[in-house]
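Analysis of the macromolecular model
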Amino acid sequence: MRRVLLLMLSLLMVLPLAAAVDPFSLPVGTLIIDAGHGGHDPGASYNWPFAGGVVWERDLNLDIAKRLSVLVKLAHPQLRVIMTREDDTFISLAERSAIAASQSLDSKGALFVSIHINSAQAPSAQGFEILIKRQDKQVTLLDELTPLDNISLFASHSQAQLNRLLNNRNLVIASIFEETMSSQLLTTRSRGIKEQDLWVLNQCRMPAVLVEVGFLSNEAEARRLVDSTYRQRVAQVLAAAIERCL
Ligand SMILES: [Zn+2]
């Protein structure tokens with residue numbers, strides 16, 4: 001009898017946990033790499049004589065994204081890697097978010113990493129920063145766009161609970177990126193983790209970080225960024241951060 005009681009008690013303790021699986025938990029099984037801008041949307045641009053003319057953010061983002069994709073696929077053949085663009089085409093922010101929203105989170109969660117390069121009026125501005133969505137921006141998770149596999153995952157929580165879980169995970173992942181980049185990308189400095197009201201982050205139905213890897217408007221950083229060896233290094237460091245989420 002005592003055994004039965006103990007079993008019932010332990011079931012009661014386990015059941016609520018089992019019923020409320022965190023759909024955004026680590027490790028992730030799907031990685032979405034988003035090369036910022038593209039096509040008629042060049043992003044930041046700067047005319048640097050040492051680079052032989054105008055340097056476009058869209059091209060550098062795509063190059064780093066492709067290098068990152070190769071690195072993570074080589075190291076983790078079982079990981080699903082999806083790129084929002086693989087060439088210099090324009091992809092709207094809504095399309096990028098729709099790609100993220102359509103991912104099934106049934107077995108393992110997913111992570112969205114958007115790659116950008118900053119620019120500022122002050123030429124001295126430099127460093128990398130990690131952007132996440134503003135915590136007060138509520139993501140709609142359960143609607144007609146929700147993949148079938150995700151309905152049961154999302155339905156076991158309220159919308160507010162899901163957003164809390166998503167905000168918590170965004171902070172954890174942003175910290176992983178910030179720590180990894182701070183310790184491994186010694187040529188630049190951290191400007192920290194910032195919450196920003198950005199469409200692509202607000203619409204992502206999964207943990208999402210936007211990494212501004214450096215400033216195209218800063219001469220020292222631009223000199224590094226136009227060098228493919230440095231972009232490979234950036235991709236390696238981003239891969240090391242992603243590794244910690246797998
Ligand atoms: Zn950008």
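Preceding this section is the structure that the text describes.
A few points on the structure. (Residues numbered from 1 in each chain as written. Predicted model: local features only at pLDDT ≥ 70, side-chain atom pairs only at ≥ 80, totals over all residues. Heavy atoms only, no water.)

Here we look at the overall build of the protein
Each helix and strand in the protein was counted, giving 8 helices and 8 strands. Against the compact-globule benchmark of 18 Å for 246 residues, the protein has a radius of gyration of 20 Å, which places it among compact chains. Along the first, second and third principal axes, the C-alpha atoms of the protein reach 80 × 35 × 35 Å. When the 246 residues of the protein are sorted by exposure, 48% land in the buried category. For the protein, long-range pairs separated by at least 24 residues make up 82% of all intrachain contacts whose partners lie at least 6 apart in sequence. Surface exposure of the protein reaches about 11,800 Å², of which carbon and sulfur atoms provide 57%. Of the charged side chains in the protein, 24 are positive and 25 negative; the average position of the first set lies 6 Å away from that of the second. (Helix = DSSP H or I, 4+ residues; strand = E, 2+ residues; numbered from the N terminus. Rg over C-alpha atoms; globule rule 2.2 N^0.38 Å. Buried < 20%, exposed > 50% of the residue type's maximum accessible area, 1.4 Å probe, protein only. Contact = heavy atoms within 4.5 Å. Areas by Shrake-Rupley, 256 points an atom, 1.4 Å probe, with all protein chains shown as cover. Lys, Arg positive; Asp, Glu negative; His and termini not counted. Charge placed at Lys NZ, Arg CZ, Asp CG, Glu CD.)

Side note on the coordination of the zinc ion
For the zinc ion, the full set of protein donor atoms is His37 (NE2), Glu57 (OE) and His116 (ND1), at a range of 2.1 to 2.2 Å. Each donor residue of the zinc ion belongs to the same chain, with the gaps between them written as H-x19-E-x58-H. With His37 in the loop between strand E1 (28-35) and strand E2 (45-48) and Glu57 in helix H2 (residues 57-75), this pair connects stretches of sequence that are 20 residues apart. Like His37, the residue Glu57 is buried in the burial classification. (Donors = N, O, S within 2.8 Å, 3.2 Å for Na, K, Ca; no water.)

Overview of the pattern of salt bridges
A full pass over the atoms with the stated rule returns 14 salt bridges. Between Asp34 and Arg96 there is a salt bridge whose closest N-O contact spans 2.8 Å. Here Arg96 lies in helix H3 (residues 93-101) and Asp34 lies in strand E1, a separation of 62 residues in the sequence. The exposure class assigned to Asp34 is buried, which follows from its relative accessible area of 1%. Connected through shared salt-bridge partners, Arg58, Asp59 and Asp88 make up one network. (Salt bridge = Lys/Arg side-chain N within 4 Å of Asp/Glu carboxyl O.)

Observations regarding the packing of helix H5 (residues 159-184) against helix H8 (residues 228-243)
Contact pair H5 / H8: the axes reach a minimum separation of 9 Å and the direction vectors enclose 140°. Relative to H8, H5 is oriented oblique. Note that H5 runs across H8; the crossing there is right-handed. Where H5 approaches H8, its residues Ile176, Phe177, Thr180, Met181 and Gln184 are matched on the opposing element by Arg233, Val237, Leu238, Ala240, Ala241 and Ile242. (Axes fitted to C-alpha atoms, helices over the stretch in contact; angles between N-to-C directions. Parallel < 35°, antiparallel > 145°, perpendicular 65-115°, else oblique. Left-handed = near helix turned anticlockwise from the far one by under 90°.)

Some points on the sheet that holds strand E7 (residues 190-196)
Spatial ordering of the open sheet is given by E4-E1-E5-E8-E6-E7, a layout of 6 strands whose pairing is mixed. Two strands lie at the open edges of the sheet, namely strand E4 (80-83) and E7, each paired on one side alone. Strand after strand, the sheet turns through a mean of 20° between neighbouring axes, direction not considered. Bridge count for E1 against E4 is 4 bridges, and the pairing is parallel. Across the sheet, the residue bridging to Leu31 is Val81, located in E4. In the packing of H2 onto the sheet, the strands contacted are E1, E4, strand E5 (109-118) and strand E8 (208-215), and the crossing angle to E5 comes to about 145°. (Pairing = 2+ DSSP bridges.)

Digging into the environment of Leu145
Relative to the helices and strands, Leu145 resides in the loop between strand E6 (128-133) and helix H4 (148-155). For Leu145, a relative accessible area of 54% translates into the label exposed. Separated by 47 residues in sequence, Leu145 and Ala98 place their C-alpha atoms 8.4 Å apart. With residues up to four places along the chain from it excluded, the contact list for Leu145 reads Ala101 and Arg205.

Observations concerning the packing of aromatic side chains
Inspection of the entire model under this criterion finds 3 aromatic pairs. Seen in terms of ring centroids, Tyr46 and Trp48 are 4.8 Å apart; in terms of plane orientation they differ by 25°. Their pairing is stacked. With 5.2 Å between their ring centres and 25° between their planes, Trp48 and Phe50 make a pair best called stacked. A relative accessible area of 10% places Trp48 in the buried class. A connected cluster of aromatic rings, assembled from ring pairs, spans Tyr46, Trp48 and Phe50. Sitting over the face of the ring of Trp56, Arg58 holds its NZ or CZ atom 5.0 Å from the ring centroid. It is Arg224 that lies over the ring of Tyr230; its NZ or CZ is 5.7 Å from the centre. (Phe/Tyr/Trp six-rings, centres within 6.5 Å; stacked < 30°, edge-to-face > 60°. Lys NZ or Arg CZ within 6 Å of the ring centre and 35° of its normal.)

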